[in-house]
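Architecture and fold: a report
If you want the building blocks of each chain, they are given just below.
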Amino acid sequence: MLIKRPEYLGGVKPSDIISESVYENRRTFLKAAVAAGLVGSALPAGAAQAPAQADLKYTKNKAFGADLKPNRYEEVTSYNNYYEFGTDKSDPAQNSGKFKPQPWTVKVSGEAEVTGDFSYEDILKPHPLEERIYRMRCVEAWSMVIPWVGFPLGDLLKRFKPTSKAKYVAFTTVNRPSEMPGLRYPVLEWPYVEGLRIDEAMNPLAIMAVGVFGKTLPNQNGAPIRLVTPWKYGFKGIKSIVEIRFTEKQPPTSWNRSQAREYGFYANVNPEVDHPRWSQAREQVIGNGLFAARQPTLMFNGYADQVASLYAGMDLRKNY
Ligand code: MTE
């Protein structure tokens, strides 16, 4: 995400945290390195220090992305947005080594018959894991293809028997300042929060991911459990979830709270609705090389057949 100086923060922005020129140089260098496919060798040792990822048992779901070519592991795990570990794309891999994704508990609350605290094992137990290869489009106009391992979010939510008042579902990221150095900086209001309308959450495309490339999620990708909604801009994919709350009212979301004019609640990928500061019509495909042409962005990121009906009759220019 690109930060415009949010007023309520008293003017803190990433380039204030490190000096402006260092910030810009690192950003430009890393972008060039990733685009040129050099990122693995361009990054310092941090990524290598991360704990080894465990193998997962899963089946490949050929109905989702069997025709897509995933990005390289180094690209998916070194070029991240996870502001709790810093605002540069390389920060999450470098600064998340101390983060402990196990043991893990998810609190379920709000408008549901079944609520309480569930361990990671409780959450996963009834859900067979599958690999799905999804196109992922970041609001910053770049994209990747990622082989996630996870299970349908709707299957999980149904277990809690949401009541008829449950119109939305809200998610919260863990807040652990001792393990997440980025929390020192008020670049967003912490903890990170996100939300979906309940019918969006129940759509079969929405998954809870616990792995990538057949192994458990690295910390920088949102270990141990995160949301993936491939028809929406990447920022909806909240990481390291510790709370799921069923609500009657639309819940706040971090980026909307920070800059409402730029980031809406829906955040559906839409090449026809520009971000106020840049076009969303095309995207840079990470890994295609610095000089590759940008490819056209697809409505709902190419998943219109599965999700367009969720928004029938809505003005998508207003509900961005
Ligand atoms: N979740 C939390 N808790 N904190 C974040 O800063 N960044 C979001 C999203 N989830 C973010 C987050 C943004 S802006 C994007 S693009 C995706 O995570 C990036 O996911 P990736 O690094 O696995 O590609």
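The present account deals with the structure reproduced in this document. All values reported here derive from a predicted model rather than from experimental measurement. Each chain carries its own residue numbering, running from 1 in the direction its sequence is written. Two thresholds apply to this predicted model, a pLDDT of at least 70 for residue-level local features and 80 or more for giving and counting side-chain atom pairs, whereas whole-chain, interface and lining totals are computed over all residues. Hydrogens and waters are ignored; side-chain quantities use all the structure's heavy atoms.

1. Here we look at the overall build of the protein chain
A count of helical and extended segments in the protein chain gives 11 helices and 13 strands. Evaluated residue by residue, the protein chain yields a buried proportion of 54% over its 320 residues. Of the roughly 14000 Å² of accessible surface on the protein chain, a fraction of 54% belongs to carbon and sulfur atoms. A run of H or I in DSSP counts as a helix once it spans at least four residues, and a run of E counts as a strand once it spans at least two, with each numbered from the N terminus. Buried means the residue's accessible area, taken with a 1.4 Å probe over protein chains only, is under 20% of the maximum for its type, while exposed means over 50%, and partly exposed covers the values in between. Here the accessible surface of atoms and residues is derived via Shrake-Rupley with a 1.4 Å probe, and residues count as covered only by protein chains that are part of the display.

2. A few points about the pairing of strand β3 (residues 116-119)
At least two DSSP bridges between two strands are needed for those strands to be called paired. Looking at chain direction, strand β2 (residues 105-110) and β3 are connected through 4 bridges and run antiparallel. Bridge assignment links Val108 to a residue of β3, and that residue is Gly116.

3. Points about the site of the ligand
We call a residue near a molecule or strand as soon as one heavy atom of that residue lies within 4 Å of the molecule or strand. Within the structure, the ligand sits among 16 residues, and Tyr83, Glu84, Arg226, Gly237 and Lys239 are positioned closest to it. The term polar contact refers here to a pair of N or O atoms within 3.5 Å; inside protein, the definition further demands a hydrogen-donor-capable atom paired with an acceptor-capable atom, and it admits residues adjacent in sequence only when both atoms are side-chain atoms. Residue Glu84 places a side-chain N or O atom 2.8 Å away from a nitrogen atom belonging to the ligand. One nitrogen or oxygen atom from the side chain of Arg226 is found 2.7 Å from an oxygen atom belonging to the ligand. Relative to its unbound accessible area of 530 Å², the ligand is 96% covered by the protein chains. Cavity means a closed set of points on a 1 Å grid over the protein atoms alone, one where a 1.4 Å probe fits but cannot get out, pocket means an open set with protein on both sides within 12 Å along at least 5 of 7 lines, and lining means a residue has an atom within 4 Å of a point. Just a note on the criterion: a molecule sits in a pocket or cavity if more than half of its atoms are within 2 Å of the grid points. Judged by the proximity of its atoms to the pocket grid, the ligand belongs to the largest cavity. A breakdown of the residues in the shell around the ligand according to their chemical character gives 7 nonpolar, 6 polar and 3 charged. Amino acid classes used here: Ala, Val, Leu, Ile, Met, Phe, Trp, Tyr, Cys and Pro are nonpolar; Asp, Glu, Lys and Arg are charged; the rest, including Gly, are polar.

4. A few points about the environment of Arg159
Relative to the assigned elements, Arg159 resides in helix α8 (residues 153-159). Sequence separation of Arg159 and Pro126 is 33 residues, and the distance between their C-alpha atoms is 9.7 Å. Once you skip the residues sitting within four places of it in the chain, Arg159 turns out to touch Val114, Asp122, Ile123, Pro126 and His127. Polar side-chain contacts of Arg159 include one of 2.9 Å to the backbone oxygen of Ile123. Contacts: residue pairs with any heavy atoms within 4.5 Å of one another.

5. Section: the sheet that holds β2
One open sheet holds the 5 strands; their spatial order is β3-β2-β11-β6-β7, and the pairing between them is mixed. Only two strands of the sheet have a single partner each, and these edge strands are β3 and β7 (193-197). Neighbour-to-neighbour, the strand axes of this sheet turn through a mean angle of 20 degrees, independent of strand direction. An axis is simply a line fitted to the C-alpha atoms; with a helix, the fit covers only the stretch in contact. Between two such axes, the angle follows the N-to-C directions and lies from 0 to 180 degrees.

6. Overview of the pairing of strand β5 (residues 142-152)
Each regular strand displays side chains that alternate between the two surfaces of the sheet. Burial of β5 is extensive: 11 of the 11 residues sit out of reach of the surface. Here strand β4 (residues 130-137) pairs with β5 via 8 bridges, running antiparallel. Paired with Arg137 across the bridge in β5 is Ser143. Taking the residues between adjacent antiparallel strands as the criterion, β4 and β5 are bridged by 4 residues, where Ala141 takes a positive phi near 70 degrees. Here β5 runs beside strand β12 (residues 282-285); their pairing, made up of 2 bridges, is parallel. Along β12, the bridge assignment pairs Ser143 with Val285.

7. Topic: the side chain of Thr229
Its location among the elements puts Thr229 in the loop between β10 (226-228) and β11 (241-247). Thr229 has contacts with Leu196, Ala206 and Lys236, leaving out every residue within four places of it along the chain.

8. Some points on empty space enclosed by the protein
Grid points are joined across faces, edges and corners, and a volume is the space filled by probe spheres set on the points. For the structure on display, the rule yields 2 cavities of 30 Å³ or more. Looking at the largest cavity, its volume works out to about 440 Å³. In terms of lining residues, the largest cavity is bounded by 27 residues, among which Asn81, Arg226, Gly234, Phe235 and Lys239 are the most central. Mapped by element, the contributors of at least two residues to the lining of the largest cavity are β4 and β5. Looking at the lining of the largest cavity element by element, the count peaks at 5 residues for β5. For the lining of the largest cavity, the per-class residue count stands at 16 nonpolar, 7 polar and 4 charged. Taken as a whole, the second largest cavity encloses approximately 30 Å³ of empty space.

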